[in-house]
Amino acid sequence: MEHYSVLLKESIKILNIKANGVYVDCTLGRAGHTKAILQQLTTGKIVAFDQDIAAITKVKQELNDDRIVYVHDNFKNLKANLIINGLKTVDGIFYDLGVSSPQFDEQDRGFSYRFDAELDMRMDQTNNALTAKKVVNDFSEQALAEILFKYGDEKFTWSIVKNIVKARQKQAINTTFQLVDIIKASLPQKVLKQKKHPAKKTFQALRIFINDELNAIRESLEQAITMLNDGGILAVITFHSLEERVVKEFFKKYTKVVTDPVKDKLPVMHEKVTTGFTLLTKKGIEPSDDEIGENRRSHSAKLWALRKEVKHENI
Ligand SMILES: C[S@@+](CC[C@H](N)C(=O)[O-])C[C@H]1O[C@@H](n2cnc3c(N)ncnc32)[C@H](O)[C@@H]1O
C-alpha cells in the first residue's frame, strides 16, 4: 500500500527549516516528514525517534545519511536522548502522533480490525510487556470498562465488556477477529449499519491504553518546550479528540497571556507582556480536500504549532 505522510507541506512550512538547523522528528514512521526536513538541510541534522524497532530498521536500510541520528526509544525520553547526543537545545521538534499506516497494515501487529491476527497492539514490542490479549483476557470488568469509556468514548461499553467477560469464561480471546465478533454481538443493528467500523472505538481505546499514548505525549511536550532555541518551533499533528485535547491544553498553558488587571490600566511603556512563546495556529491546520481525497486517514488530522520568541532587551 502507498505511504502518505499527513499534512507534509504544511508541517515543513510551519517548521521554517534552517539549512544548518538541528531538528527532532519524534515519530519517524516511514520517514516522510524526516525526508522532507532532510531535503531542506545542508549542514543541519535531524534526530529521529521511533519506539517501533521495525520502523527504525526499515528506514535505516533506505536512508543512510550521516545527518540523521536514529533513536529507538519512546519520545517520553526525549530530553535524556538529546542530552546523550550532546544537544541542549534544537531549532524544531515535530510529532506526527499515533500509529503509522504500515503498523495498521502489518497484519501480525494486531492493530487492525480488518485482519485476523493475535491481539497485540504494542508499538514497542521489545520493551512493553502489556499486550491487547493480556488486557482483554486478564483485566477486571471494571478496568476494561474504564479503558473503553476513557479512551474510546464507547457508548456501548457495558454491553461490550459484559460480552468479553462471558466469552473469555468459555475460551481465551486470542485474536482480533474473535474480539470483533464479540463487539458486533454487543451493538444494536442501528450502530452496525453505520459506515464506521463497529470495532473502531474499542480498538482505539485498547491501543491508547496499551501504549500509554496520552501520558507519553504530555511528558514529552513538557520536555520539548524546554529544549527549543530562540525562534525554535514545536509542531504536532493530532488525529483524534483525546490527542487534540492534550495538545491544545499544553499549547494554551504556554501561550496564554494572563494580564494583571491593575497593571493593565497603567501606561507601562516598552514592556510587552509575553509568555515567551507565540501560538502559530489558533485553530489547528487541517488537510486540504485533495489530501483527504487521496488519503482518507488524514481526514481528522490537525497541525498545531508554537514558536519560542527571540528575546529582545527592552528599549
Ligand atoms: C503516524 S506515524 C509517523 C509517520 C511519519 N511521520 C511518516 O511520514 O512516515 C507515528 C510513528 O510514531 C511512533 N510513535 C508513536 N508514539 C510514539 C512514542 N511515544 N515514542 C516513540 N515513537 C512513537 C509509531 O511507532 C509510528 O511509527
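Note that the coordinates shown come from a computational prediction; the quantities given were computed from them, not determined experimentally.

> Help me out: how do you make sense of the overall build of the protein chain in this one?
For the protein chain, the count of helices and strands is 15 helices and 7 strands. Computed over its C-alpha atoms, the radius of gyration of the protein chain comes to 22 Å, within 12% of the 20 Å expected for a compact globule of 315 residues. Principal axes of the C-alpha set define a box for the protein chain whose edges measure 75 × 55 × 40 Å. Across the 315 residues that make up the protein chain, the buried fraction comes to 36%. In the protein chain, 64% of the contacts between residues at least 6 apart in sequence involve partners at least 24 apart.

> Is there a simple way to explain the packing of helix H12 (residues 213–224) against helix H13 (residues 241–255) in this structure?
A pair of packed helices can be characterised by two numbers: the angle between their axes and the separation between those axes. Across the interface, H12 lies against H13 with an axial gap of 10 Å and an inter-helix angle of 20°. With respect to their mutual orientation, H12 and H13 come out roughly parallel. In this structure, the crossing between H12 and H13 has a hand that is right-handed. Contacts from Leu214, Ile217, Arg218 and Leu221 in H12 reach Leu242, Glu243, Val246 and Phe250 in H13. When the residues that make up the contact of H12 with H13 are grouped by side-chain class, the tally is 6 nonpolar, no polar and 2 charged.

> Help me out: how do you make sense of the site of the ligand in this one?
Around the ligand lies a shell of 20 residues, among which Ser5, Thr27, Gly29, Gly32 and Ser100 are the nearest. Mapped onto the shell around the ligand, the elements with two or more residues apiece are helix H2 (32–40) and strand S2 (45–50).

> Sorry, what's going on with the domain arrangement of the protein chain here?
A common way to state how big an interface is: give the accessible area lost once the parts meet. Partitioning the protein chain into structural domains gives domain 1 (8–102 + 213–308) and domain 2 (129–210). Distance from the C-alpha centre of domain 1 to the C-alpha centre of domain 2: 32 Å.

> What's the story with the sheet that holds strand S6 (residues 277–279) in this structure? I'm lost.
Strands in a sheet are paired, the pairing made by backbone hydrogen bonds, and the direction either parallel or antiparallel. With mixed pairing, the 7 strands of this open sheet are ordered in space as S3-S2-S1-S4-S5-S7-S6. The open sheet has two free edges, formed respectively by strand S3 (68–72) and S6, since each of these has just one partner strand. Between one strand axis and the next, the sheet turns through 15° on average, direction left out of account. In terms of strand pairing, strand S5 (residues 228–238) meets strand S7 (residues 302–308) through 6 bridges, oriented antiparallel. Bridged to Leu234 within S7 is Leu306.

> Explanation requested: helix H8 (residues 157–170) in the structure shown.
For an α-helix the count is 3.6 residues per turn, leaving residues at separations of three or four pointing the same way. Counted at 1.5 Å a residue, the expected span for H8 with its 14 residues is 20 Å, and the 20 Å between its end C-alpha atoms agrees. When we look at burial in H8, the residues that qualify are Thr157, Ile160, Val161 and Ile164. Down the axis of H8, the sector holding all buried residues measures 95°, keeping them to one side. Away from its buried face, by an angle of more than 90 degrees, H8 presents the exposed residues Lys166, Gln169 and Lys170. Residues of H8 that are buried make contact with helix H6 (132–138), helix H7 (141–152), helix H9 (176–186) and helix H11 (200–210).

Parameters at a glance
Residues numbered from 1 in each chain as written. Predicted model: local features only at pLDDT ≥ 70, side-chain atom pairs only at ≥ 80, totals over all residues. Helix = DSSP H or I, 4+ residues; strand = E, 2+ residues; numbered from the N terminus. Rg over C-alpha atoms; globule rule 2.2 N^0.38 Å. Buried ≥ 20, exposed ≤ 12 C-beta atoms within 10 Å, placed from the backbone. Contact = placed C-beta atoms within 7 Å. Axes fitted to C-alpha atoms, helices over the stretch in contact; angles between N-to-C directions. Parallel < 35°, antiparallel > 145°, perpendicular 65-115°, else oblique. Left-handed = near helix turned anticlockwise from the far one by under 90°. Nonpolar A, V, L, I, M, F, W, Y, C, P; charged D, E, K, R; others polar. Near = placed C-beta within 6 Å. Domains from an automatic or database assignment. Pairing = 2+ DSSP bridges. Expected span 1.5 Å × (residues − 1). Arc of directions from axis to C-beta.

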